[in-house]
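Report on the structure
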Amino acid sequence: MSANWGVHIELSIFGESHGKVVGVNIGHLPAGIKLDWDFINREMSRRTPGKNNLSTSRKETDQVEIISGVIDDITTGAPLCAIIYNTSAHSKDYEELKTKMRPGHSDYPAYVKYQGFNDIRGGGHFSARVTAPLVFAGALCKLILKTKGIEVYSHILSIKDIKDDHFPLFLTSQMIDNLMQKEYPVINDDIYKQMKERIFEARKNQDSVGGKIECMVTGLPAGIGNPFFDSVESHLSSLLFSIPAVKAISFGDLDDITRYSGSFTNDAYYYEENKVLCKTNHNGGIIGGITNGMPLLFTLGIKPTPSISRLQDTVDISSHTNTSLKIIGRHDPCVVLRASVIVEAMTAIGLLDLLNI
């Protein structure tokens, strides 16, 4: 089972949902980076579970412990290893799942691939719990990118059929401030009330809902990326699709670019003083796999949480029979709410690797 990624920035993640710790080892980080713990802890808290009745009741503090690569809160250039202790595992909830395969989960394909030896407690290494150290890694990458004037923002674009407004062509400082102050970032506060109703309705019906997250990167210069195999889209997508429950990615500000003609989707250039900009951003700031100087923009589709309380059909692999299963435990009725910071983290990691700063 490989858990390594990257060339210029190397990531290796480890741990399981109900193991002692989850963690990350980060190689090739530049030396001399000051760790801003106020910012890092704020990022970690955005993903932390158990804060309200919109998420799982599992409570974890997600306090990061640095094992190596940092002295006096400054990176040394050596591999940085960080761990986060798991303090609220209820492994007994998963006894039945050793033989009964949860629909929508990795249980069955993982059972086949790893011959039944994989850790099924809380999903084991497949769990979104392992994204906690990735948020820490992303926070470090954000700090480095910010020194170059590059920043990453996101908001919840939709929950099921309830949709927020799209990002505008360019973000204003007031909009950024408003998003940063919200527990769950949305542009239209009235829409968020409807989103909450959809989530509560799903939970009441022993069900779950999915949604979309829109992410924007500002400050990227033109000329970053390569055509074909290492385009900006393909480089980022390899990370973004590794986020549990992600099923779709589209670049640009249109819900479906395939519905339009080329005369509409082409982003017309113009000069503003000595800077080349586009009148629209339908292609998300990337043409030919290379940035064009506009904000990088994409939308991520996240499926409904597969762990639901309804009785579902499945199989028992010990008896080779058809059976039914009612999942117990603590689960999010909508994982989209806590995913924004994970999406931003993965984006920051991918961009730092691509830029080779």
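Residues numbered from 1 in each chain as written. Predicted model: local features only at pLDDT ≥ 70, side-chain atom pairs only at ≥ 80, totals over all residues. Heavy atoms only, no water.

So, the UniProt feature "binding site: NADP(+)" (unreviewed entry) in the protein
Here, the residues flagged by UniProt with the feature "binding site: NADP(+)" (unreviewed entry) are Arg47. Of note, Arg47 is situated in helix α1 (residues 37-47). A relative accessible area of 4% places Arg47 in the buried class. One polar contact links Arg47 to Thr131, side chain to side chain, over a distance of 3.3 Å. (UniProt positions renumbered as here; feature names shortened; annotations may be inferred. Helix = DSSP H or I, 4+ residues; strand = E, 2+ residues; numbered from the N terminus. Buried < 20%, exposed > 50% of the residue type's maximum accessible area, 1.4 Å probe, protein only. Polar contact = N/O pair within 3.5 Å; in protein donor to acceptor, adjacent residues only side chain to side chain.)

As for the pattern of salt bridges
Evaluated as defined, the whole model comprises 14 salt bridges. With its nearest N and O atoms 2.7 Å apart, the salt bridge here joins Arg129 to Asp62. Taken together, the residues Arg129 in the loop between α2 (107-113) and α3 (131-146) and Asp62 in the loop between α1 and β4 (64-68) connect sequence positions 67 residues apart. The class for Arg129 is buried, based on a relative accessible area of 5%. (Salt bridge = Lys/Arg side-chain N within 4 Å of Asp/Glu carboxyl O.)

Some thoughts on empty space enclosed by the protein
Applying the stated rule across the entire model yields one cavity of 30 Å³ or more. By volume, the largest cavity amounts to about 40 Å³. Around the largest cavity, the lining residues are Arg46, Glu183, Tyr184, Pro185, Leu337, Arg338, Ala339, Ser340 and Val341. Considered class by class, the residues forming the lining of the largest cavity number five nonpolar, one polar and three charged. (1 Å grid on protein atoms, 1.4 Å probe; cavity = no way out; pocket = protein on both sides within 12 Å on 5 of 7 lines; lining within 4 Å. Points joined across faces, edges and corners; volume = space filled by probe spheres on them. Nonpolar A, V, L, I, M, F, W, Y, C, P; charged D, E, K, R; others polar.)

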